[in-house]
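Structural description and commentary
Here is how the chains run, residue by residue.
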Amino acid sequence: MVAHLLRLKLTLLRNGLRRSPWQLVGMAIAGLYALGVVATLIIALVLLRNAGPVAAHTAVVLGGSAAVLGWAVIPVVASATDMTLDPARFTTFAIPMKQMLAGLALGGLIGIPGLATTLVALSTVVTWSRGVLPALAALAGACLGVMTCIVLAKVVTTATASLAASRRFKDISALAFMVPMVLLGPIVAGVGRGISASTGFLPEFARTLSWTPLGAPWSLGGDIASGRPGQAAVKLVVSVAVLGALAWCWKLLLERALVTPPYAGAGKRRGGRLGLFGVLPATPAGAVMARSLTYWLRDPRYSGSLVVIPLLPVVLAFQGTRTGSYGSLAFLAPVSAFILAWSISADVSYDNTAFALHLATGVRGVADRLGRALACMTFALPVVLVFSVGYVAFTRSWTGLPGQLGFSLGILFTGLGLSSVVSARYTVTVPLPGDSPFKKPPGNVGQTLAVQFVGMLVLMVLVLPEAALLVVQAVTGNVLFGWLNLAVGTILGLLLFLTGIRLGGRWLEARGPELLAQVTVNR
Amino acid sequence: MTAPIPGQASNSSPVAALSIRGLAKRFGGKIAVDGISLEVPAGSFFGIVGPNGAGKTTTLSMATGLLRPDFGTAVVHGVDVWQRPLEAKRLMGILPDGVRLFDRLTGEQLITYAGLLRGMDKDVVAARVGELLAAMDLSQDAGTLVVDYSAGMTKKIALASALIHAPRLLVLDEPFEAVDPVSAANIRSILDRYVDSGGTVIVSSHVMDLVQRMCDHVAVVAKGRLLAAGTVDEVRAGASLEDRFVQLVGGHSHTEGLEWLRTF
């Protein structure tokens, strides 16, 4: 039975890859990336063989604990649980619980994260191959550690399954996850500084961790190598007990989950609140705008970018404090304008097959384009204005304001026009409605990359006049060019905006059915 | 074959609510629809039946302007769907099967959106939304996001979105799937009244019993081809529609094999 479950998992994996060659490419890229990380870690662990026992023990225990923590936390917050062997699908098959648990646990090893963890864990055996006993202890520790990772992940995902099935939790966790992702640079720098400032403290920390379920299995090899067999024995007992307790918890949770499927009901709510539909003009374009704005607020795939924008100045300012020059803040407004304008370039792909409503109602292409662009403009314009003025106020170089504004507005208007054309013509692979913003389905990677790259190139060409004027002002120091830039950015930008709306509208009407057929592929 | 020749029912009469000619579609190497011609008389309650994968959804998508046909034409009340799509779509209310909805809107917002997209007046939309919600028994959940609806409720809200502009032709792909019996009865009485007052309804389904009771015309489709079309009585030719359907499609394997199923 265990072998059956493993074979099932492999078959599912192979058939999934067979469905589209691009999925194979995606898997290969992810695999290469993982391979790089794994290779680095393995080399580091092999090199640690020659390091002092304390340093090696500290590194292995800290790394191992981090891995266990990662397996517990990441599947929940990223809602990226691997559900190929979802226990709920086996309810009707009457598989003995013990065999099912073993099969599912071993099945968790198949896949990139499982393989990577196993390989890295096994290389700790090399680190402790300073004798037969330490190596054997490290091997036992590695096996226990990896199984703890897998079973802990299963316990956490099973326990939170009904929570994770609720839409609200998914939305909020996706947004919450966005914040550390954006602030990754500052966080890593901060942690790095913290570690280098407290190297003396780390071995102590590792020793403490090694008594907890997180670090106990990873400590076995080091304890034996350092001649602490008594401690190693206690930690072995801790590890085995923890693994057993986790498996028992998993069994209980699974037994309960199998008879009580996740319930994601929501309370009844009477109507009467049209929201933005009641506020904006009751025209097709106004309705599209209201719908888009509602999505910007309610759909984490959109509101993700809204969370990122206020964090941008934080990241750039952080760089400023480290380098001492705040020059990069000059890019704040133009970059935000670009991100926001470009964010609607995949609007139809984000609609997915819901786009059929636009097609079925026969809404004019121009109304569709204009509504979406105006929705984005509603908050993009204030953001760009605030960032431009904020930067100029911060650096007290008020003469730079017109140029900065002209350049940023030029990018915003031109970008919105270009996005309106791009999204009417090309579809790209984006997370599906209701999925986490991080979960890109396999799809036409080639076209996605080409559309992004060529689109940005075209945008660069289109805003050349504004960029040139910005450079000329910087070289000559003449404010006149700044004012000129403001005029060009506004007038040329709006002209290109309207051109984009009209062209995109025409293409949308001509190729609506083809567009729907393309998004249907990514269903 | 005693069934009428496809498309003969009312040959190219000017009153045809929907007239499709030689529609064909190929997906890669698979021919999904292989030249279907059909006349749907105005004021009829028209059922399209066929086994899974027969090409019902593909045919209806091509007839309603959602999927461009490789060959053939579709004409709604004299307006060519693929030559003058915007005009043709004003005449049609469409409930496609297997597409998502803008499900982060509330039910009320979604119907309003469908009305406003069609350029309807705000007050008319508001009045009709209230009535449609009541008719679909969704007033209690009008403010709930569609993503939190059950499958049946989602079907009903999509149907309401297709009705809001009072179309002359309704094309409903599997409208009763997952809908509870009470709601289904309500919807049927709405559709009956709609047909009585001159509207035309096309439904696809594989529930033969339902089609036999509800529709006055029926077309049988299998493997991308039209096997029979006409009034329900013409097509079923004295037998029940279900028996006639199985006979036409010819997929009944009777009781051969599976003997072990009776041995326990």
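Rules used in this analysis
- Residue indices follow the written sequence of each chain, beginning from 1 at its first position.
- Each chain gets a letter, beginning with A, and each ligand a number, beginning with 1, in the order they are written.
- Per-residue local features are limited, in this predicted model, to residues with pLDDT of at least 70; the limit for side-chain atom pairs, both in listing and counting, is 80 or more; totals at the level of whole chains, interfaces and linings are taken over all residues.
- Where side-chain values are given, they derive from all heavy atoms of the structure, hydrogens and water being excluded.
- We call a residue buried when its accessible area falls under 20% of the maximum for its residue type, exposed when it is over 50%, and partly exposed in between, using a 1.4 Å probe and counting protein chains only.
- Runs of H or I in DSSP of at least four residues are treated as helices and runs of E of at least two as strands, each being numbered from the N terminus.
- For two strands to be treated as a pair, DSSP must find at least two bridges joining them.
- Counting rule for disulfides: a pair of cysteine sulfur atoms within 2.5 Å.
- Under the pairing criterion, centres of Phe, Tyr and Trp rings, with the six-membered ring standing for Trp, must be within 6.5 Å; the plane angle then separates stacked pairs below 30 degrees from edge-to-face pairs above 60, leaving the rest tilted.
- Residue contacts are counted whenever heavy atoms from the two residues lie within 4.5 Å of one another.
- Here's the idea: put two parts together, see how much 1.4 Å probe accessible area each one loses, and the total over both is what we call buried area.
- The salt bridge definition used is simple: a Lys or Arg side-chain nitrogen within 4 Å of an Asp or Glu carboxyl oxygen.
- Note on residue classes: Ala, Val, Leu, Ile, Met, Phe, Trp, Tyr, Cys and Pro are nonpolar, Asp, Glu, Lys and Arg are charged, and everything else, Gly too, is polar.
- Under this scheme, a helix contributes an axis fitted over its contacting stretch, all axes are lines through C-alpha atoms, and angles between N-to-C directions fall in the 0 to 180 degree range.
- Each residue carries a pLDDT score, the predictor's confidence in it, ranging from 0 to 100.
- We define the nonpolar core as a collection of buried residues of types Ala, Val, Leu, Ile, Met, Phe, Trp, Tyr and Cys that are connected through side-chain atoms lying within 4.5 Å of one another.
- Crossings are assigned a handedness: left-handed for a near helix turned anticlockwise from the far helix by less than a right angle, right-handed for a clockwise turn.
- For patch detection, residues must exceed 30% relative accessible area and be free of salt bridges, and they are connected within 9 Å for like charges or within 5 Å for nonpolar side chains (Val, Leu, Ile, Met, Phe, Trp, Tyr).
- Only the protein chains shown count as cover for residues, and all accessible areas are computed by the Shrake-Rupley method using a 1.4 Å probe.

**Observations regarding the pairing of strand S3 (residues 45-49) of chain B**
Residues and elements named next belong to chain B. The element S3 is largely enclosed, with a buried count of five among its five residues. Residues of S3 alternate between two faces, with Phe45, Gly47 and Val49 on one and Phe46 and Ile48 on the opposite face, all of them buried. Bridge count for S3 against strand S8 (residues 200-205) is five bridges, and the pairing is parallel. In the sheet register, Ile48 faces S8, and the bridge partner there is Ser204. Sheet analysis places S3 next to strand S9 (residues 217-222), joined by four bridges and oriented parallel. When the bridges of S9 are listed, Val49 appears paired with Val220.

**Section: the state of the cysteines**
Here the structure, examined in full by the defined rule, presents zero disulfides over all chains. Here A:Cys143 stays free of any disulfide, with the sulfur of A:Cys149 as its closest cysteine sulfur at 12 Å.

**What to know about the packing of aromatic side chains**
All names here are of chain A. In this structure the tally under the stated criterion is eight aromatic pairs over all chains. Consider the rings of Phe338 and Trp342, whose centres lie 6.3 Å apart with planes at 10°: the pair is stacked. In this pair, Phe338 and Trp342 both sit in helix H16 (residues 332-342), four residues apart, roughly one turn of the helix. Since its relative accessible area comes to 24%, Phe338 is described here as partly exposed.

**Examining the interface of chain B and chain A**
Counting residues at the interface gives 38 residues for chain B and 49 residues for chain A. Carbon and sulfur atoms supply 58% of the area buried between chain B and chain A, which totals about 4000 Å² over both sides. For the chain B face of the interface with chain A, the top three residues by lost area are B:Arg100, B:Phe102 and B:Arg104, together amounting to 22%. For the pair chain B and chain A, the interface holds one salt bridge. Among the salt bridges present, the one from B:Arg68 reaches A:Glu514, with a minimum N-O distance of 2.5 Å. For the side of chain B that touches chain A, the secondary structure elements donating two or more residues are helix H2 (85-91) and helix H3 (107-117) of chain B. Considering every element that reaches the side of chain B that touches chain A, the biggest residue donor is H3(B), with eight residues. Looking at side-chain class alone, the side of chain B that touches chain A contains 18 nonpolar, 10 polar and 10 charged residues.

**Notes on the sheet that holds S9(B)**
All names here are of chain B. Across the sheet, six strands lie side by side as S6-S7-S8-S3-S9-S10; this open sheet has mixed pairing. Because the sheet does not close on itself, it has two edges, and the strands there are strand S6 (92-95) and strand S10 (225-231). Looking at each pair of strands side by side, their axes are set apart by 15° on average, direction ignored. Sheet topology places strand S7 (residues 169-173) next to S8; five bridges connect them, and they run parallel. Bridge assignment links Asp173 to a residue of S8, and that residue is Ser204. Docked against the sheet, helix H5 (residues 151-163) engages S6 and S7, running at close to 165° with respect to S6. Lying over the sheet, helix H9 (residues 241-249) contacts S3, S9 and S10, oriented at roughly 30° with respect to S9.

**Re the sheet that holds strand S1 (residues 16-27) of chain B**
Residue and element names in this part refer to chain B. As summarised here, the arrangement of the four strands in space is S2-S1-S4-S5, forming an open sheet in which the pairing is antiparallel. Strands at the two margins of the open sheet, each flanked by one partner only, are strand S2 (30-41) and strand S5 (79-80). Pairing geometry for strand S4 (residues 71-76) and S5, over two bridges, is antiparallel. Paired with Val76 across the strands is Val79, a residue of S5. Of the strands in this sheet, S1, S2 and S4 are in contact with helix H1 (residues 56-63), which crosses S1 at around 120°.

**A few points about the confidence of the model for chain B**
Across chain B, the average pLDDT comes to 87, with 92% of residues at 70 or higher. For the stretch residues 1-13 of chain B, pLDDT sits under 50, and the model shows 19 contacts to residues farther than four places along the chain or on other chains.

**Topic: the pairing of S2(B)**
Residues and elements named next belong to chain B. In this structure, S1 lies alongside S2, joined through nine bridges in antiparallel fashion. Looking across to S2, one finds that Ala24 is bridged to Asp34. Here S1 folds back onto S2 in antiparallel fashion, the turn holding two residues, of which Gly28 has a positive phi close to 60°.

**As for the nonpolar core**
Within the largest apolar cluster, 111 residues are counted, with the highest numbers of intra-cluster contacts made by A:Leu412, B:Tyr113 and B:Val201. Tallying contributions element by element places helix H19 (residues 365-395) of chain A first for this core, with 11 residues. Aside from chain neighbours lying at most four places away, what touches A:Leu412 is A:Ala337, A:Ala341, A:Met377, A:Ala380, A:Leu381 and A:Val384.

**A word on the packing of helix H15 (residues 300-323) of chain A against H16(A)**
All names here are of chain A. Packing of H15 against H16 leaves a shortest axis separation of 11 Å and a crossing angle of 145°. Crossing geometry of H15 relative to H16 is assigned as right-handed. Residues Ile309, Leu312, Pro313 and Leu316 of H15 lie in contact with H16, whose contacting residues are Leu332, Val335, Ser336, Ile339 and Leu340. Partitioned by chemical class, the residues of the contact of H15 with H16 number eight nonpolar, one polar and no charged.

**Things to note about a nonpolar patch on the surface**
Residue and element names in this part refer to chain A. On the surface, a nonpolar cluster with roughly 480 Å² of combined accessible area is contributed by Leu122, Val132, Leu133, Leu136 and Leu139. With four residues, the top contributor of residues to the nonpolar patch is helix H6 (residues 132-159). As for its placement among the helices and strands, Val132 is situated in helix H6. Val132 sits in the exposed class, given a relative accessible area of 65%.

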